[in-house]
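Structural overview for review
Spelled out from the first residue to the last, the chains are:
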2 protein chains.
Amino acid sequence: MNKKIADLNRYLADKGLKITRQREAVAQVFFDTDGHISAEELYIKVSRSYPGVGLTTVYRTLKLLKEAGLAKERRFAEDSQGVFEKEDTARHHDHLICTRCGKIIEFKEPLIEKLQEEVAQKHGFSVEDHKMELYGLCSSCRTA
Amino acid sequence: MNKKIADLNRYLADKGLKITRQREAVAQVFFDTDGHISAEELYIKVSRSYPGVGLTTVYRTLKLLKEAGLAKERRFAEDSQGVFEKEDTARHHDHLICTRCGKIIEFKEPLIEKLQEEVAQKHGFSVEDHKMELYGLCSSCRTA
DNA sequence: CAATAATTGAAATTGATTATCATGTTCTCT
DNA sequence: AGAGAACATGATAATCAATTTCAATTATTG
């Protein structure tokens, strides 16, 4: 699935930026990753397939991916490290987070989104994006 | 409204910790603050009424307030600094955030909460807490 | 009031992220 | 293809928020 790499390259060309081996490496590995990944983790993962790419470049590329609308940064409570995920999966999904074991489940609920729109309108807002996190105990932690 | 100070003192006594002038100062100023405040901002505010209280102590006291269930820490996207708010207002309210001017409006929507419970149950979770943020443009930024 | 244990503030430390800078690469134009 | 200009890279240093350390101080308890 090189469509996203193509999207990135189009964005770069558009901005007068350059297509490099490192950017492609980081982007490729990132797009092959499901769920959330931190810059540090991505750096390690990239290093396995494409050694010699610096952590700094990983940070910089993730920033570009955000600007290009291909990645999304999230910050979970109490977590000092930011995590990234692909923008397409980031869109319209929310998180259930177990406060004991840290397990994170992603879900979608169109009805909630409809209500969000309504609330926003009531306050004169137009919604572009949202983030919802439910904190609680997962079934295994509750019975344990 | 010294009830909360009393709550804090009860918590401290319970844990074998001490009631100090500094803790009371930080707590008092924090409880008199509406909305969100960062540790740094709170430090400045405290320093005006009670000079000589260190930033470290503000951080430590906020941590205690969290443990005592009297404060809640939040982390908004893209914001490196965590912010705190009183637990009573933190409970069951959500945020509308303008992506241009940064304005934050708080709201409640019981229906959304009901749906959250249902979704969680579907995944075997019991909800203890939640966080929801809607990002968009406020009315003035949209027309500007 | 004395002994004990917790607290304080300043400074040092950590961990994540960003800036700097000399060197290397890509793109554009011919 | 080649040269020049502009951008990118990676190592290191710097920054920023938050935490830890530690010697000196203070609250509690008996």
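Residues numbered from 1 in each chain as written. Chains lettered and ligands numbered in written order. Predicted model: local features only at pLDDT ≥ 70, side-chain atom pairs only at ≥ 80, totals over all residues. Heavy atoms only, no water.

Concerning the interface of chain B and chain A
With 40 residues of chain B at the interface, the matching set in chain A holds 40 residues. Between chain B and chain A, a total of about 3400 Å² is buried, with carbon and sulfur atoms accounting for 63% of that surface. When residues of chain B are sorted by the area they lose upon contact with chain A, B:R75, B:F125 and B:K131 head the list and together hold 19% of the total. In this structure, A:K131 engages B:E133 in a salt bridge whose closest nitrogen and oxygen atoms are separated by 3.8 Å. (Contact = heavy atoms within 4.5 Å. Buried area = accessible area lost by both parts, 1.4 Å probe. Salt bridge = Lys/Arg side-chain N within 4 Å of Asp/Glu carboxyl O.)

What about the protein's contact with DNA strand C?
Around DNA strand C, a shell composed of 21 residues is seen, among which A:Y59, B:T20, B:R23, B:T57 and B:R60 lie nearest. Here DNA strand C approaches the protein such that, of its atoms within 4 Å, sugar and phosphate make up 72%. Between DNA strand C and the protein, one listed contact pairs a phosphate oxygen with a side-chain N or O atom of A:Y59 at 2.4 Å. With respect to DNA strand C, the backbone of B:G54 contributes an N or O atom lying 3.2 Å from a phosphate oxygen. Tallied by class, residues from the surface near DNA strand C come to four nonpolar, 11 polar and six charged. (Near = heavy atom within 4 Å. Polar contact = N/O pair within 3.5 Å; in protein donor to acceptor, adjacent residues only side chain to side chain. Nonpolar A, V, L, I, M, F, W, Y, C, P; charged D, E, K, R; others polar.)

Points about the protein's contact with DNA strand D
Taken together, 22 residues are adjacent to DNA strand D, and A:K18, A:R23, A:T57, A:R60 and B:Y59 come closest. Counting only atoms of DNA strand D within 4 Å of the protein, the sugar-phosphate share comes to 69%. At 2.5 Å from a base nitrogen of DNA strand D is found a side-chain nitrogen or oxygen belonging to A:R60. Taking B:G82, its main chain carries an N or O atom lying 3.0 Å from a phosphate oxygen of DNA strand D.

Structural notes on the domain arrangement of chain A
Residue and element names in this part refer to chain A. The domains assigned to chain A are domain 1 (3-88) and domain 2 (94-143). When each unit is reduced to the centre of its C-alpha atoms, the spacing between domain 1 and domain 2 is 25 Å. For the pair domain 1 and domain 2, the summed buried surface comes to about 610 Å²; carbon and sulfur atoms form 51% of the total. In terms of surface lost to domain 2, no three residues of domain 1 exceed H36, R74 and F76, which account for 62% of the buried area on that side. Here domain 1 and domain 2 share one salt bridge between them. A salt bridge links K72 to D129, with the shortest nitrogen-to-oxygen separation between them at 2.9 Å. Along the contact surface separating domain 1 from domain 2 lie two residue pairs in polar contact (both at pLDDT 80 or more). (Domains from an automatic or database assignment.)

Here we look at the relation of the copies chain B and chain A
With an axial shift of 0.0 Å and an RMSD of 0.2 Å, the rotation relating chain B to chain A amounts to 179 degrees. Those values place the two copies in the arrangement expected of a two-fold rotation axis. When C-alpha distances to the rotation axis are compared across chain B, the minimum falls at B:M132, with a value of 2.1 Å. (Least-squares fit on C-alpha atoms with pLDDT ≥ 70 in both.)

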